[in-house]
Amino acid sequence: ILSSSCHTEADIISTVEFNHTGELLATGDKGGRVVIFQREQESKNQVHRRGEYNVYSTFQSHEPEFDYLKSLEIEEKINKIRWLPQQNAAYFLLSTNDKTVKLWKVSERDKRPEGYNLKDEEGRLRDPATITTLRVPVLRPMDLMVEATPRRVFANAHTYHINSISVNSDYETYMSADDLRINLWNFEITNQSFNIVDIKPANMEELTEVITAAEFHPHHCNTFVYSSSKGTIRLCDMRASALCDRHTKFFEEPEDPSNRSFFSEIISSISDVKFSHSGRYIMTRDYLTVKVWDLNMENRPIETYQVHDYLRSKLCSLYENDCIFDKFECVWNGSDSVIMTGSYNNFFRMFDRNTKRDVTLEASRENSKPRAILKPRKVCVGGKRRKDEISVDSLDFSKKILHTAWHPSENIIAVAATNNLYIFQDKVN
Amino acid sequence: MEFKLEAHRIVSISLGKIYNSRVQRGGIKLHKNLLVSLVLRSARQVYLSDPCPGLYLAGPAGIPAPPPQQQPGEPAAGPPAGWGEPPPPVARASWPETEPQPERPSVSHAPRVGDEVPVTTVTGVGDVLQGGEADATEAAWSRVERPRQATAGEAEGPAGGWGVFPEGSLAARRPCGCPLGGEDPPGTPAAPPRTACCCAPRPAEDEPPAPPAVCPRKRGAAGVGGGPAGCPAPGSTPLKKPRRNLEQPPSGGEDDDAEEMETGNVANLISIFGSSFSGLLRKSPGGGREEEEGEESGPEAAEPGQICCDKPVLRDMNPWSTAIVAF
């Protein structure tokens, strides 16, 4: 199984996220840039033309840094972006790299003041002696300009690599999680954070698991979950104690002994955890499956979906080429009826929880002419390969879809395929 | 038997990954290295287990694996079939020259592990360090020392200062006039694998990678500590070897050196496997802690001392030394 890549590394998309209305779509990349797309307003002239997403703003969120004390380079790659709910005309989002979280304000400027007394139109200062009259500057329309300004920088709170950020439903706080700790921040305070989870053992030699993802409950501001590299999920209640080292609920499925291999631990490590919009379920992604858990049942998931079980026999090769460490994300649709996650060969999968039907689709230029309908793909596992099927050995493991996003209310999805972003819309009117 | 080969292969790959992780941009990834060390441990258990390792992998559904630690000290009475021949000197020469230098400060900084180091080895370090160092190596190592000292007092920090060497530093070490050309004459059975140049052209094959320790202090204390070669040899035993081979190929007491070489290699592995590896070295079964110690595998103090002296154990180390050399 070969894995090769030939593109600019900095352009690789590392996170994708719709805002709460779906009007904006943000992407972060390995080069530390954030690109925000905005959905076109549907014009009266073209009622049937669904709004398309165009670039709205681009800015450099993080730069590479060097920690001289530890002789450690800090990557500028954007690990996660999370939007804040909109409260005024400006948009706010959190973006984070391995060490530092930043709050960005994205705002529009479509007017500019003209008619200053002390400056001329180019901004040069005028000699006061030449001013004989006074006028009141007025605002005149200008070409729309979108500016992004960093409003807060939350730094120096994480020793390990930040893997998640999550905005609380109180809209006043958010959390950031690294491999061993989770910190709670107030948006207004940048020089302090409150440690709410710490799983670092006193003796690091006893380390057995790390935190892999964390998220606040969508409605209960005191509740959050975090997943571990051992395939477990802990639900914590911040009202119980200041340091939430003791979980309120513990979700774990017993291991299937018949599937034991050298790599059992790796493939059980959870790479993403997401609450459903309803707040009743959580979804987790490990290397081969997606699982849906009911918050009220801790001993096993209520649903398990095989994403690409044909890889189970290839784990050794995938270990060799590092693909087994790929961290796939998973997303719910707006109504929590469909879940989606990515795979290799630019495939991504959707599972309908009600009908139990699933589909494999491909994000690629050849298959995605505008207005084209995506054709379901199929991976052939056995010997006889039908036409249109692709065999496991011809899968391209360098083309992986790790990050996807689903519009909060409509059937619009964003799929990041290495350094390309694909946006698909459901054709049903 | 193919399970053993598979396990052996996985061990090699895993060690290569841990080694590579040191030079990855962004610092050592705790999560990934933890997972790699879990795989390493599983593979090691299979490798050391009974001739019927298939059971470990639960062939018949549901049968739990028999404890693989039955004979931790003797993976095979002698070299396992197919691995008996002494490793070619070239392979040995590929060991990057590790960190004699960091030894010095690290020993002083981490008496915890350093205490157990036999006095002789410590002085050996001193001797070793007398030898001239390639400038590049020195420069590279001084870079390592600084952060290690800086972090000596704390256990924080994923990469612990030695974790990440931006590619530039590797380049700097490259032209060190390394002894790759001056590798041991073929006759030296136990040429320390680490004589070769400190430039690690083949990271996958190089010396046991530094455990992705989070605590640089411990790494350093362990001896080699977290330096680029990252073989936290308990005693500076491994340290001596590269120096000597660089200066003069060991003569005379070569057999002793040979066995010490193996010890050194094993000691390097210990840093990776941590205490659970100690079971391998003890004659009695029931080796060490089985807990995951992926990160901090600071060699347990007692074991290193034992390694140096325990000839019967050394003989059993043969398969492991060949495994290491095979990198």
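Just above sits the structure.
Residues numbered from 1 in each chain as written. Chains lettered and ligands numbered in written order. Predicted model: local features only at pLDDT ≥ 70, side-chain atom pairs only at ≥ 80, totals over all residues. Heavy atoms only, no water.

A. Local environment of the overall build of chain B. Counting secondary structure elements, chain B contains 15 helices and zero strands. When each of the 327 residues of chain B is scored for burial, the buried share is 62%. Sequence-distant contacts in chain B: of pairs separated by 6 or more residues, those separated by 24 or more amount to 79%. Of the accessible surface of chain B, which amounts to about 10,400 Å², a share of 59% is contributed by carbon and sulfur atoms. (Helix = DSSP H or I, 4+ residues; strand = E, 2+ residues; numbered from the N terminus. Buried < 20%, exposed > 50% of the residue type's maximum accessible area, 1.4 Å probe, protein only. Contact = heavy atoms within 4.5 Å. Areas by Shrake-Rupley, 256 points an atom, 1.4 Å probe, with all protein chains shown as cover.)

B. Here's a closer look at the pattern of salt bridges. Applying the stated criterion across every chain, the model contains 38 salt bridges over all chains. E114 of chain A is the partner of R140 of chain A in a salt bridge, and the nearest nitrogen-oxygen pair spans 3.2 Å. Within this pair, whereas R140 of chain A is found in strand β10 (residues 138–154), its partner E114 of chain A is found in strand β9 (residues 101–114), the two being separated by 26 residues in sequence. We classify R140 of chain A as partly exposed; its relative accessible area is 44%. Via salt bridges that share partners, E73, E75 and E76 of chain A together with R25 and K29 of chain B belong to a single interconnected network. (Salt bridge = Lys/Arg side-chain N within 4 Å of Asp/Glu carboxyl O.)

C. The arrangement of the sheet that holds strand β26 (residues 358–362) of chain A in detail. Residues and elements named next belong to chain A. In spatial order, the strands read β23-β24-β25-β26; together these four strands make up an open sheet with antiparallel pairing. With one partner strand each, in any of the chains shown, β23 (330–332) and β26 form the two edges of the open sheet. Strand after strand, the sheet turns through a mean of 20° between neighbouring axes, direction not considered. Here five bridges tie strand β25 (residues 347–352) to β26, and the two strands are oriented antiparallel to one another. The residue of β26 that forms the bridge with R349 is T360. (Pairing = 2+ DSSP bridges. Axes fitted to C-alpha atoms, helices over the stretch in contact; angles between N-to-C directions.)

D. Main features of helix α2 (residues 30–48) of chain B. For α2 of chain B, built from 19 residues, the straight-helix expectation of 27 Å at 1.5 Å per residue is met to within 8% by its first-to-last C-alpha distance of 27 Å. The buried count for α2 of chain B comes to 19 of 19 residues, which makes it a mostly enclosed element. (Expected span 1.5 Å × (residues − 1).)

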